[in-house]
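Coordinate analysis (summary)
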Amino acid sequence: MHNTTAMLIELGSVILALGLLGRLAGRVGFSPIPLYLLAGLAFGHGGILPLQASEEFIAAGAEIGVILLLLLLGLEYSASELVTNLKTQYPSGAVDFVLNALPGAAAALILGWGPVAAVALAGVTWISSSGVIAKVLGDLGRLGNRETPVILGILVIEDLAMALYLPILTALLAGVSLAGGTVTLLISLGTVGAVLYVALRHGRLISKAVSSDNAEMLLLVVLGLTLLVAGIAQELQVSAAVGAFLVGIALSGEVAEGASNLLTPLRDLFAAVFFVFFGLSTDPADIPPVLVPALILAVVTALTKIATGWYAARRAGIKTAGRWRAGGTLVARGEFSIVIAGLAVGVEPRVGPLATAYVLILVIVGPLAARWTEPLARRLARRTAGTAAVASSEPGRTDVARTAN
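Bear in mind the structure is a predicted one, so any value in this text is a computation, not a measurement.

The next point concerns the overall build of the protein chain. Along its length, the protein chain carries 16 helices and 0 strands. Classification of the 405 residues of the protein chain by burial places 46% in the buried group. At a minimum sequence separation of 6, the contacts of the protein chain that also span at least 24 residues come to 81%. Accessible surface, the protein chain as shown: approximately 19,300 Å² in total, 67% of it carbon and sulfur.

This is the structure:
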């Protein structure tokens with residue numbers, strides 16, 4: 001009874017603190033993710049108020065948080081939208097991977113962490129935060145901008161790529177042999193292909209089978225189905241997160257919209273618990289030694305994300321201002337980076353502190369980059385043009401030009 005009482009007190013304190021931090025972040029206009037991570041650092045081992053009784057419950061809640069994050073992400077996209085995005089945006093997706101995954105892999109190798117950590121850190125630096133970016137687009141009133149479909153296309157490709165990347169990373173972290181890793185990848189490819197095929201051809205039937213006019217029944221069926229599929233996927237080493245994402249893709253229409261409305265509050269609660277749990281597993285004393293590498297990596301990959309967005313918008317025929325806006329919007333990293341780092345800490349514990357510092361930097365810089373990249377680029381272009389105009393009007397240059405004529 002004493003342990004139960006202590007757990008309730010700790011859990012209530014944590015959730016109340018998260019609510020207050022979320023309200024503070026909303027007033028300031030930033031994502032609450034960095035505050036949740038800082039709360040986890042404060043409540044974790046080596047923090048100010050380490051938790052004792054509720055840590056196991058928070059760990060289970062963190063697993064559910066990852067599953068709900070991916071489920072709600074899948075509900076945002078239909079199978080046809082995914083296929084269309086793959087056909088039109090795959091060159092931009094390839095550029096995104098090369099420019100943003102390689103710095104993370106190179107950093108891990110330079111630090112001497114080995115090839116498995118390199119694969120993990122490549123994912124941390126590669127994937128932008130869909131949640132933060134969606135909020136930024138809404139806050140800035142850019143949902144109707146011409147560059148927004150390009151930004152969403154990049155995010156969709158990244159999210160779909162996770163269905164292949166996460167099983168590969170999971171197999172590497174588990175020390176599976178090359179043959180075993182190949183089998184895992186084939187299972188993942190087969191599963192993704194089968195779900196997309198069924199969703200394209202029979203999505204209405206699946207949605208009809210799940211549909212219910214009773215909100216309670218719809219919530220129970222969708223949540224139960226998601227947890228079941230996620231567990232089976234985990235057993236097959238395909239990743240529970242990928243299983244949840246595929247369930248979201250398979251549902252469409254009114255069912256997807258209704259399930260999204262019902263599950264969003266649960267997603268927000270358990271996602272916050274997930275970020276806290278990641279902070280709990282990181283000792284604050286481990287962050288200062290990796291702060292400089294995290295800062296360097298953040299600067300490099302912020303620039304490479306801007307280049308990615310600029311290239312993708314240019315391919316779509318968008319003008320210069322929209323290209324800069326697209327690039328700046330993609331800078332933020334968040335939930336996926338933490339998910340990947342959370343998987344990797346068992347093999348290379350130093351990935352956790354570096355990822356925490358890296359995400360803290362870019363989840364704060366991301367909204368600023370989305371707001372200021374285009375105005376700064378415009379100002380720089382004007383200054384450059386003004387310098388060129390002054391140079392061309394210098395007396396010596398004018399006399400030379402007249403002589404030449």
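Alright, that's what it looks like, and here's the rest.
We now examine the side chain of Gln89. Assignment of secondary structure puts Gln89 in helix 4 (residues 79-110). Taking the relative accessible area as the measure of exposure, Gln89 reaches 9% and is therefore buried. Setting aside chain neighbours within four positions, we find Gln89 in contact with Pro149, Val150, Gly153, Ile157 and Arg315.

Turning our attention to the pattern of salt bridges. Here the structure, examined in full by the defined rule, presents 5 salt bridges. Taking the shortest distance from any N to any O, the salt bridge between Asp96 and Lys305 comes out at 2.8 Å. Taken together, the residues span a long stretch of sequence, with Asp96 in helix 4 and Lys305 in helix 12 (residues 291-315) at a distance of 209 residues. Note that Glu147 is salt-bridged to Arg325, the shortest N-O span being 2.9 Å. Separated by 178 residues along the polypeptide, Glu147 in the loop between helix 6 (130-139) and helix 7 (148-173) and Arg325 in helix 13 (residues 320-329) bring together distant segments of the chain. Classification of Glu147 as buried rests on a relative accessible area of 2%. Because the salt bridges share partners, they merge into one network encompassing Asp96, Glu158 and Lys305.

Where helix 3 (residues 55-75) contacts helix 10 (residues 240-250), the two axes come as close as 7 Å, and the packing angle between them is 30°. Here helix 3 lies roughly parallel to helix 10, going by the angle between them. Judged by the sense of rotation from one axis to the other, the crossing of helix 3 with helix 10 is right-handed. Contacts from Val66, Ile67, Leu70, Leu71, Leu73, Gly74 and Leu75 of helix 3 reach helix 10 at Ala240, Ala241, Ala244, Phe245, Val247, Gly248 and Ile249.

As a further point, take the layout of surface pockets. The space that makes up the largest pocket amounts to roughly 870 Å³. In terms of lining, the largest pocket is formed by 30 residues, of which the most central are Leu69, Gly131, Val132, Arg267 and Asp268. Elements with a minimum of two residues in the lining of the largest pocket: helix 1 (2-28), helix 2 (33-43), helix 3, helix 6, helix 7, helix 11 (253-280) and helix 14 (335-344). When residues of the lining of the largest pocket are assigned to their parent elements, the largest contribution, 8 residues, is made by helix 11. Taken together, the residues of the lining of the largest pocket break down into 19 nonpolar, 6 polar and 5 charged.

Here we come to the side chain of Asp96. The exposure class of Asp96 is buried, given its relative accessible area of 2%. Within polar-contact distance, the side chain of Asp96 engages the side chain of Lys305 at 2.8 Å. Setting aside chain neighbours within four positions, we find Asp96 in contact with Ala101, Trp126, Ile154, Glu158, Lys305 and Thr308.

Here the focus is the environment of Leu166. On the secondary structure map, Leu166 appears in helix 7. Considering only alpha carbons, one finds Leu166 and Val242, 76 residues apart in sequence, at a separation of 7.6 Å.

Note on aromatic pairs: each is described by the distance of the centres and the angle between the planes. This structure, assessed with the given rule, holds 3 aromatic pairs. Judged by centre distance (4.9 Å) and plane angle (75°), the rings of Phe97 and Trp126 are edge-to-face. Taken together, the residues Phe97 in helix 4 and Trp126 in helix 5 (residues 115-126) connect sequence positions 29 residues apart. A connected cluster of aromatic rings, assembled from ring pairs, spans Phe97, Trp126 and Tyr165. The ring of Trp310 carries Arg323 above its face, with NZ or CZ at 5.0 Å from the centroid.

Time to look at the packing of helix 12 against helix 13. For the pair helix 12 and helix 13, the least separation of the axes is 7 Å and the interaxial angle reads 140°. In terms of axis orientation, helix 12 runs oblique to helix 13. Our pair here, helix 12 against helix 13, has a crossing hand that is right-handed. Residues Lys305, Ile306, Gly309, Trp310, Ala313 and Arg314 of helix 12 touch helix 13, and the partners they reach there are Gly322, Arg323, Trp324, Ala326, Gly327 and Gly328.

Our next topic: the environment of Ala215. Position of Ala215 among the secondary structure elements: in helix 9 (residues 215-235). With 43 residues separating them along the chain, Ala215 and Gly258 place their C-alpha atoms 8.0 Å apart.

Glancing now at a nonpolar patch on the surface. On the surface, Ile364, Leu368, Trp372 and Leu376 cluster together to form a nonpolar patch covering roughly 380 Å² of accessible area. Considering the arrangement of structural elements, one finds Ile364 in helix 15 (residues 351-392). Residue Ile364 is classed as partly exposed on the basis of its relative accessible area, which comes to 38%.

Conventions we followed
Residues numbered from 1 in each chain as written. Predicted model: local features only at pLDDT ≥ 70, side-chain atom pairs only at ≥ 80, totals over all residues. Heavy atoms only, no water. Helix = DSSP H or I, 4+ residues; strand = E, 2+ residues; numbered from the N terminus. Buried < 20%, exposed > 50% of the residue type's maximum accessible area, 1.4 Å probe, protein only. Contact = heavy atoms within 4.5 Å. Areas by Shrake-Rupley, 256 points an atom, 1.4 Å probe, with all protein chains shown as cover. Salt bridge = Lys/Arg side-chain N within 4 Å of Asp/Glu carboxyl O. Axes fitted to C-alpha atoms, helices over the stretch in contact; angles between N-to-C directions. Parallel < 35°, antiparallel > 145°, perpendicular 65-115°, else oblique. Left-handed = near helix turned anticlockwise from the far one by under 90°. 1 Å grid on protein atoms, 1.4 Å probe; cavity = no way out; pocket = protein on both sides within 12 Å on 5 of 7 lines; lining within 4 Å. Points joined across faces, edges and corners; volume = space filled by probe spheres on them. Nonpolar A, V, L, I, M, F, W, Y, C, P; charged D, E, K, R; others polar. Polar contact = N/O pair within 3.5 Å; in protein donor to acceptor, adjacent residues only side chain to side chain. Phe/Tyr/Trp six-rings, centres within 6.5 Å; stacked < 30°, edge-to-face > 60°. Lys NZ or Arg CZ within 6 Å of the ring centre and 35° of its normal. Patch = residues over 30% accessible without salt bridge, like charges linked within 9 Å, V, L, I, M, F, W, Y side chains within 5 Å.

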